[in-house]
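Report on the structure
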Amino acid sequence: MCLIEQTSRIETRRLTLRAPALGDAPRLAALMADYDIARMTSRVPHPYDLSHAAGFIEKAQCSDPRLDQNFLLEHEDDGVIGGLGLSTPPGQPPEVGYWVGRDWWGRGFASEALQGALVWASRDWKKRYLVAGHFTDNPASGAVLCRAGFLYTGEVQARHSIARGEEAPTRMMVWVA
Ligand SMILES: CC(C)(COP(=O)(O)OP(=O)(O)OC[C@H]1O[C@@H](n2cnc3c(N)ncnc32)[C@H](O)[C@@H]1OP(=O)(O)O)[C@@H](O)C(=O)NCCC(=O)NCCS
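Residues numbered from 1 in each chain as written. Predicted model: local features only at pLDDT ≥ 70, side-chain atom pairs only at ≥ 80, totals over all residues. Heavy atoms only, no water.

1. Considering the overall build of the protein
- Along the backbone of the protein there are five helices and eight strands.
- At 15 Å, the protein has a C-alpha radius of gyration in line with the 16 Å of a compact globule built from 177 residues.
- Along the first, second and third principal axes, the C-alpha atoms of the protein reach 40 × 35 × 35 Å.
- Element-wise, carbon and sulfur atoms account for 53% of the exposed surface of the protein, whose accessible area totals about 9,200 Å².
- A gap of 6 Å separates the mean positions of the 19 positive and 21 negative side-chain charges of the protein. (Helix = DSSP H or I, 4+ residues; strand = E, 2+ residues; numbered from the N terminus. Rg over C-alpha atoms; globule rule 2.2 N^0.38 Å. Areas by Shrake-Rupley, 256 points an atom, 1.4 Å probe, with all protein chains shown as cover. Lys, Arg positive; Asp, Glu negative; His and termini not counted. Charge placed at Lys NZ, Arg CZ, Asp CG, Glu CD.)

2. A few points about the site of the ligand
- The environment of the ligand is made up of 22 residues, and the closest members are Tyr98, Gly106, Ser111, Asn138 and Arg147.
- In this structure, Phe109 approaches the ligand through a main-chain N or O atom, which is 3.5 Å from an oxygen atom.
- Taking 960 Å² as the accessible area of the ligand by itself, protein coverage stands at 70%.
- Going through the elements one at a time, α2 (35–38), β5 (95–100), α4 (109–123), β6 (129–135) and α5 (139–147) are the ones with two or more residues in the shell around the ligand.
- Sorting elements by how many residues they give to the shell around the ligand places α5 first, with six residues.
- Tallied by class, the residues present in the shell around the ligand amount to twelve nonpolar, seven polar and three charged. (Near = heavy atom within 4 Å. Polar contact = N/O pair within 3.5 Å; in protein donor to acceptor, adjacent residues only side chain to side chain. Nonpolar A, V, L, I, M, F, W, Y, C, P; charged D, E, K, R; others polar.)

3. Observations regarding the nonpolar core
- Judged by nonpolar contacts, the single largest core of 45 residues is most densely connected at Leu17, Leu28, Leu73, Leu84, Leu86, Leu114 and Phe150.
- Element by element, the count of residues in this core is highest for α4, at eight residues.
- Setting aside residues no more than four positions away along its own chain, Leu84 makes contact with Gln69, Asn70, Phe71, Leu73, Val96, Gly97, Tyr98, Ala113, Leu114 and Ala117. (Core = buried A, V, L, I, M, F, W, Y, C linked by side-chain atoms within 4.5 Å. Buried < 20%, exposed > 50% of the residue type's maximum accessible area, 1.4 Å probe, protein only. Contact = heavy atoms within 4.5 Å.)

4. So, unusual backbone geometry
- Cis geometry marks the peptide bond from His46 to Pro47; its omega dihedral reads 0°.
- Checked against the element boundaries, Pro47 lands in the loop between α2 and α3 (50–61).
- Phi at Lys126 takes a positive value of approximately 60°, unusual for a residue other than glycine.
- Along the chain, the position of Lys126 falls in the loop between α4 and β6.

5. Focus on the pairing of strand β7 (residues 151–161)
- The pairing of β7 with strand β8 (residues 166–176) spans eight bridges and is classified as antiparallel. Each bridged residue has a counterpart across the sheet, and for Tyr152 the counterpart in β8 is Met173.
- Connecting the antiparallel pair β7 and β8 is a turn made up of four residues, with Gly165 showing a positive phi of about 75°. (Pairing = 2+ DSSP bridges.)

Right, dumping it as structure tokens:
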């Protein structure tokens, strides 16, 4: 049983960022089955099925909201189109990650969600800074982060990608509220 529930919601121009519910699992599984999404992340496996989506949602529902917050991006007409997560590894600053379903790429949704989440993170979640990292072969995510005000730290970490089954060089960035 989970003691603390994530209730945070973020409204942006076209999106609502809200906590995932178990009923979102089929939609999540359908969108996340795309290898071109999974390979740009560290933790999303491929193939990805309903049990992965349900497991992710259950874990998200039970996480400590002071440390971790997981949102789905809900479009006013199209329903769930992506996700954004903030997680705090022990002894480290919170890190943000996100994805958008392929059919909605290139329409500014990742930027809109990230910028809304940054305002919320400083104003409501009371965080002073966040970090993020993108694989060097993912310039689109670098553009999203730069546009939102993240700066490159100069550090390139070798990070494992479950979907790739290997490490990939990852450019680290920081954002200060
Ligand atoms: C990366 C991702 C989140 C972008 O989502 P999106 O909603 O299409 O992003 P936006 O439309 O807000 O912005 C995309 C930006 O990338 C730029 N871009 C797109 N393809 C690019 C490329 N090949 N090289 C450089 N920039 C690129 C766009 O011009 C845009 O930048 P701009 O706003 O400065 O013009 C989406 O492609 C995705 O989910 N990819 C798979 C998962 C992933 O990469 N997650 C991030 C892990 S760090």
